Amino acid sequence: MIFKYKRPLLIIFLLINFHFSFSQISTKGKVVDSDNRVSIGNVNILNLETNGLQNTDNVGAFEITQIGIYRFSTKGYQDKDVIINCSDYLVVELDLNPSELNEVIVNTYLIPQKLKSSVTTIDILSSKTIKNSNSTNFNTILNQVPGVFMQTGSLNTNKISIRGIGSRNLYGTSKIRAYYKDIPLTTGNGETTIEDFELSTISRLEIIKGASSIYGAGLGGTIQLIPQNSYLNQTNVQSDYSIGSFGLTKGIVNINLGNQKNSFKSIYSNTHSDGYRENNKYDRQTFTFNSNHYINKKNLLTFLTSYVDLKSFIPSSINEDDYNNNPKSAAFTWKQAKGYEDSQRGVLGISWEHDLNNKIKQITSGFSSFNNSYEPRPFNILTEKSFALGIRTRLLGTQTLYNEELNWTLGAELFKDIYTNGTYENLYQDFPEATGSVQGNQLSNFKEKRTYYNFFFETQYNLTKNTTVSVGLNYNKTLYKLKDNFVTTENIDQSGSYTFNGILSPKFGFFHSFSENISLYSNISHGFSPPTTQETLLPNGLINTNIKPETGWNYEIGIRTLFIKNRLQLNMAVYRLAVRNLLVAKRTSNDEFIGINAGKTQHDGLELSVNYKWLKSENFTINQYISYAPNNFIFKEFVDNDNNYSGNKLTGVPSNIFNSRFDFNTTFGAYGTIGFQHVGKIPITDSNSLFTKDYNLTNLIVGLKLTIFKNFSLNYYFGLDNVFDEHYASQILINAMGFNGGLPRYYYPGNPINYYTGINLNYLF
């Protein structure tokens, strides 16, 4: 009888022991930011079956010993549920929470840290902000950031200024650095182009403002474009098709393949627009690919490439009479010549991250870029080619010093590019009007080798639990070598070399947290911007060896706060940026400018941003974002020939910008954004004799997200820009001059009321 019961008991015991043994695992891994792959420390890990709770360590590492469903959660990021049923090394990616950006880990100053602990002013534009805007232009997104102003003459004609730096550049963006992840988008000449990138490939933008040399030469600041990363453990296909005003059509295909250790993402886009104005057609194709490969728990390889094929016609600026009465018109000569830009651009980067130990990590990136461009203009035809190579490497470490944490980074960046350009006669006037530009004899042929290198070092030390000090140092050396390949008896040989003295730029920062919800920060930093090659050439073609880089000191103090049970977030900064050796573009003919050092500018301003959660219920949320940036930017000293402009307002930047945006979301899929922007008057001339009118813009987008069945979803959206049909100048050409009896062409008219609508389909395998 006893033996009769022993056998079933033995079977039950074996089954229980087998289940217990099978449920025991040893899964090690780490938690990272899905955008920039920075480790996230002190993340809560909840077992949803047993309610057991554990945390990652301060570098995001964890170990789980039991099969189950686990919820990973921390401030600043959206919760993520993960099924863990094996012992493989696991990387968990968390998406940021747009309503808690102060808690997000940023990498803009090279040492990963929470935004709320930064010693400088950094703004984040999340993927939600990008998606809830017009995806054909950066300006509606960037102009929401206080202190940043992007002017747009057309989709391929843009100019960005930060805290007034860059506002005096006549065409394009300069004195501001930009990176596509670790790949510099700023040329060796100091010029930056970000508008050619497809916005749908960007997961977020991080903008550091003010003089900063940690990324090299750049007075205004640095813009980091963080591309959409390929996702692990996910395979899906997305397609997006939209149409809109002025013949807009746009198609996007987004494919992601990922397992536990390897992931691949490719995005293709095709955009066409007839444009609002004459001679305004725009065609662009882009292809973006990136992949991530976790070789093991200590090594990560990342590959990134982007290619852009663009052909865009140029209407150029028009005079005041045409601006007011015929804003659709193109400049007469540009229309006759059918001027356009035809370019192919590409970037390629390879990055290797290696944990030397649990205290020190090294990150090394190699990169390359190229640009081929052909631009027929009324006065000549410009051909350009450039090819760049570079490497950027740094060590990041943490250690304990006097019982407090010391974080540091040490690194270097080397960049070299070869730029060739030539000009040719444009014989469009010798042919019927419908012919457009016709290439004639060669006028010039230059080859330029541009090199810069910089070494950087930065530390952050916790004096106490609530107080941090930061010290940084950067050394930069810039060299130009110009070769004139078109020397005749009538042309002076403009060949020559120019080397700027090495520039040492320090930075000092301070952060103190009064409580969990109130913190204060301050910094003093030095920056500089070298002149372009064109600015170093004198009218006789010789290099001006006396020209100097612009240099500046940035002083700022800011506060970050949370009120009303974390529903109200307020960030505010007050700053002064003092610039010496101001570079001024002095016009010598219709398309010829030289650079001169003409004095000093002083940039005083305030930047305020407020996020408020009006309503947060189980089914409905309403959030409001407000930003306000009044300023007093003046020429401290500016004498141009016999004209003394000292004390005048800085040209090309508005006196204030105000933004307000309402976002709403529902659990049944409806969502929307309504945005309002006020832009103050802009000085058009250095004499301050002419200003633009201030203007107001209102934009909106509404949409509906639906899950059709388990793995298939769609998103329908409709947007309206410039809802009240405001007449305004979206870009101005400062200090324009009239030639041959013509009126000065100051104005690029902004688009009137316009719409876009589309549908996004997503299938998850």
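What this report covers is the structure whose coordinates are included nearby. Bear in mind that the values here come from a model prediction, so they are computed numbers and not experimental data.

Scoring rules and cut-offs
- Residues numbered from 1 in each chain as written.
- Predicted model: local features only at pLDDT ≥ 70, side-chain atom pairs only at ≥ 80, totals over all residues.
- Heavy atoms only, no water.
- Helix = DSSP H or I, 4+ residues; strand = E, 2+ residues; numbered from the N terminus.
- Rg over C-alpha atoms; globule rule 2.2 N^0.38 Å.
- Buried < 20%, exposed > 50% of the residue type's maximum accessible area, 1.4 Å probe, protein only.
- Salt bridge = Lys/Arg side-chain N within 4 Å of Asp/Glu carboxyl O.
- Phe/Tyr/Trp six-rings, centres within 6.5 Å; stacked < 30°, edge-to-face > 60°.
- Lys NZ or Arg CZ within 6 Å of the ring centre and 35° of its normal.
- Pairing = 2+ DSSP bridges.
- Axes fitted to C-alpha atoms, helices over the stretch in contact; angles between N-to-C directions.

## A look at the overall build of the protein chain
In step 1: When its secondary structure is counted, the protein chain shows six helices and 46 strands.
In step 2: In summary, the protein chain has a C-alpha radius of gyration of 28 Å against a globular reference of 27 Å for 765 residues, a match within 12%.
In step 3: Taken over the C-alpha atoms alone, the protein chain extends approximately 120 × 60 × 50 Å along its principal axes.
In step 4: Taken over 765 residues, the protein chain has a buried fraction of 55%.

## Considering the pattern of salt bridges
In step 1: Under the criterion given, the structure shown has 28 salt bridges.
In step 2: Here K600 ties to E637 by a salt bridge, and the two come within 3.8 Å at their closest N and O atoms. In this pair, K600 is assigned in strand β37 (residues 599-616) and E637 in strand β38 (residues 620-640), connecting sequence segments 37 residues apart.
In step 3: The partner of R661 in a salt bridge is D663, with the nearest N and O atoms 3.2 Å apart. Per residue, the accessibility class of R661 equals that of D663, and both read buried.

## A closer look at the packing of aromatic side chains
In step 1: Applying the stated criterion across every chain yields a total of 22 aromatic pairs.
In step 2: Summarising the aromatic geometry, the rings of Y180 and F197 are spaced 4.6 Å apart at their centres and angled 25° between planes, so their arrangement reads as stacked. Of the two residues, Y180 sits in strand β14 (residues 177-180) while F197 sits in the loop between β16 (191-192) and β17 (202-209), which places them 17 residues apart along the sequence. Of the two residues, Y180 and F197, neither departs from the other in class, the shared state being buried.
In step 3: Linked through ring pairs, F313, Y340 and Y374 together constitute an aromatic cluster.
In step 4: Over the ring of Y521 we find R560, and its NZ or CZ is 4.0 Å from the ring centre.

## Notes on the sheet that holds strand β6 (residues 80-84)
Think of a sheet as strands paired side by side through backbone hydrogen bonds, with each pair either parallel or antiparallel.
In step 1: Ordered in space as β3-β2-β5-β6, the four strands form an open sheet in which the pairing is antiparallel. The open sheet terminates on both sides in strands that have one partner only, identified here as β3 (53-55) and β6. Taking each pair of neighbouring strands and ignoring which way they run, the sheet shows an average axis angle of 30°.
In step 2: One ladder, built from three bridges, connects strand β2 (residues 44-47) with β3; its direction is antiparallel. Paired with L46 across the strands is L53, a residue of β3.

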